[in-house]
Amino acid sequence: MKVVILNGNNSNPGDLSWDMFTSRFADISIYGYTNTVEDTIERIKDAEIILGPEMQLTREILSTDKKLKYIGALSTGYNMIDLDYCRENGIVVTNIPAYGTEMVSQYAIALLLEICCRVGHHSNAVHEGRWPASGKHMFWDYPIIELRDKTVGIIGFGRIGKQTGRMAQAMGMNVIYSDTIRSLEEENEHCRYVDKEDVFSLSDIIMLHCPLFPETKHMINRETINKMKDGVILINNARGPLIDENALAEALKSGKIYAAGLDVTEVEPLPVDSPLMECSNCFITPHISWVAKESRARLLSIAVDNLDKYLAGNPINRIV
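In this text the structure is predicted, and so the values were computed from the model without any measurement. (Residues numbered from 1 in each chain as written. Predicted model: local features only at pLDDT ≥ 70, side-chain atom pairs only at ≥ 80, totals over all residues. Heavy atoms only, no water.)

A. Highlighting the pattern of salt bridges. Throughout the structure, instances matching the rule amount to 17 salt bridges. Between Glu 223 and Lys 227 there is a salt bridge, and its shortest N-O distance comes to 3.9 Å. Each member of the salt-bridge network shares a partner with another, and the members are Arg 59, Asp 82 and Glu 88. (Salt bridge = Lys/Arg side-chain N within 4 Å of Asp/Glu carboxyl O.)

B. Structural detail: the packing of aromatic side chains. Enumeration over the complete set of coordinates arrives at five aromatic pairs. Site record: aromatic cluster; members linked through ring pairs are Phe 157, Tyr 177 and Tyr 193. The ring of Tyr 142 carries Arg 118 above its face, with NZ or CZ at 3.9 Å from the centroid. (Phe/Tyr/Trp six-rings, centres within 6.5 Å; stacked < 30°, edge-to-face > 60°. Lys NZ or Arg CZ within 6 Å of the ring centre and 35° of its normal.)

C. Quick peek at the pairing of strand β10 (residues 232-236). Within β10, five of the five residues are buried, which leaves it mostly tucked inside the rest of the structure. The alternating pattern of β10 places Val 232, Leu 234 and Asn 236 on one face and Ile 233 and Ile 235 on the opposite face, and all of these are buried. Inspection of the sheet shows strand β9 (residues 205-208) paired to β10 by four bridges, in the parallel sense. Paired with Ile 206 across the bridge in β10 is Leu 234. Pairing between β10 and strand β11 (residues 257-262): five bridges, direction parallel. (Buried < 20%, exposed > 50% of the residue type's maximum accessible area, 1.4 Å probe, protein only. Helix = DSSP H or I, 4+ residues; strand = E, 2+ residues; numbered from the N terminus. Pairing = 2+ DSSP bridges.)

D. Structural view of the side chain of Ser 178. In this structure, Ser 178 sits in strand β7 (residues 174-178). For Ser 178, a relative accessible area of 7% gives the class buried. Of the polar contacts made by the side chain of Ser 178, one reaches the backbone nitrogen of Lys 196; its length is 3.5 Å. Ignoring any residue separated from it by four or fewer positions in sequence, one finds Ser 178 in contact with Ile 154, Ile 155, Gly 156, Phe 157, Tyr 193, Val 194, Asp 195, Lys 196 and Val 199. (Polar contact = N/O pair within 3.5 Å; in protein donor to acceptor, adjacent residues only side chain to side chain. Contact = heavy atoms within 4.5 Å.)

E. Layout of helix α13 (residues 293-311). In a regular helix each residue adds 1.5 Å, so 19 residues correspond to 27 Å; α13 covers 27 Å between its end C-alpha atoms and thus fits that length. The secondary structure elements touched by the buried residues of α13 are α1 (8-11), α2 (19-22), β3 (49-51), β4 (70-72), β5 (92-94) and α6 (101-117). Just downstream of α13 lies Gly 313, where phi reads positive at about 90°. (Expected span 1.5 Å × (residues − 1).)

F. Just the environment of Asn 95, in detail. Checked against the element boundaries, Asn 95 lands in the loop between β5 and α6. For the pair Asn 95 and Asn 317, spaced 222 residues apart in sequence, the C-alpha to C-alpha distance is 5.8 Å. Contacts of Asn 95, omitting those with residues within four sequence positions, involve Ala 73, Ser 75, Thr 76, Tyr 78, Asn 306, Asn 317 and Ile 319.

This is the structure:
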């Protein structure tokens, strides 16, 4: 049985072990990165199992591998895989839904705190000698924002959204949330369900924790931004295409949106000519919300379990 891991360095750049995979399969190839269509087609040739695509696996690519039976996404998202082709050809697809809940929630809060406290900026100012040069006992050149009693609106209230909501409440914030499923067990005097329009109009901070579907693409656009409070803060470490980046850049430049914290973008890596690169009030990190070693270790452990269950005839975390 031929097994191929296409982008192994994303989940394991060398600080974890592949033994849990290599001990199970004699014919396994682990590639650090696979970036081109040509390399993908060559590497998956005759493979029965593909793990961790993290690039577009189109019908055209998948159809070149006539032995393919299983694709295990080394991620929660699976929008890179042509699911229709997999359904038509009996290919099982699984994902990993809960490996990074705590870390992704923590990172969303970290983006928010950086915007509100400007820790990095003021630390750099100290290292640059600006504190003694100011002649002041203390100085700051950005407003410091207290979060207590602010309203945070969360769109997408699954595992990550709920955890972020709990963390926000622990900091004294009031949570409103919108989701296709109401979570009564999470609701209290500081956490309540509203429709999406109320999230836009009532929130001081908006956080996106929803999946990317055709109906959620560009949910943040000129129309929805106009419904928001002036000076709202926007956080997205879910999926980049949830936001129309041209509309976001306009709103950041005008001040309609006070600041944005993004760990995902429409195109990754973010092009140097993106309009967001012109916005000093847009904090952008390179899709690293999930990369804590602890999260990646859980990811690989769940991936092995997914694969074992599939081979035993009882697949779990199945998408197709």
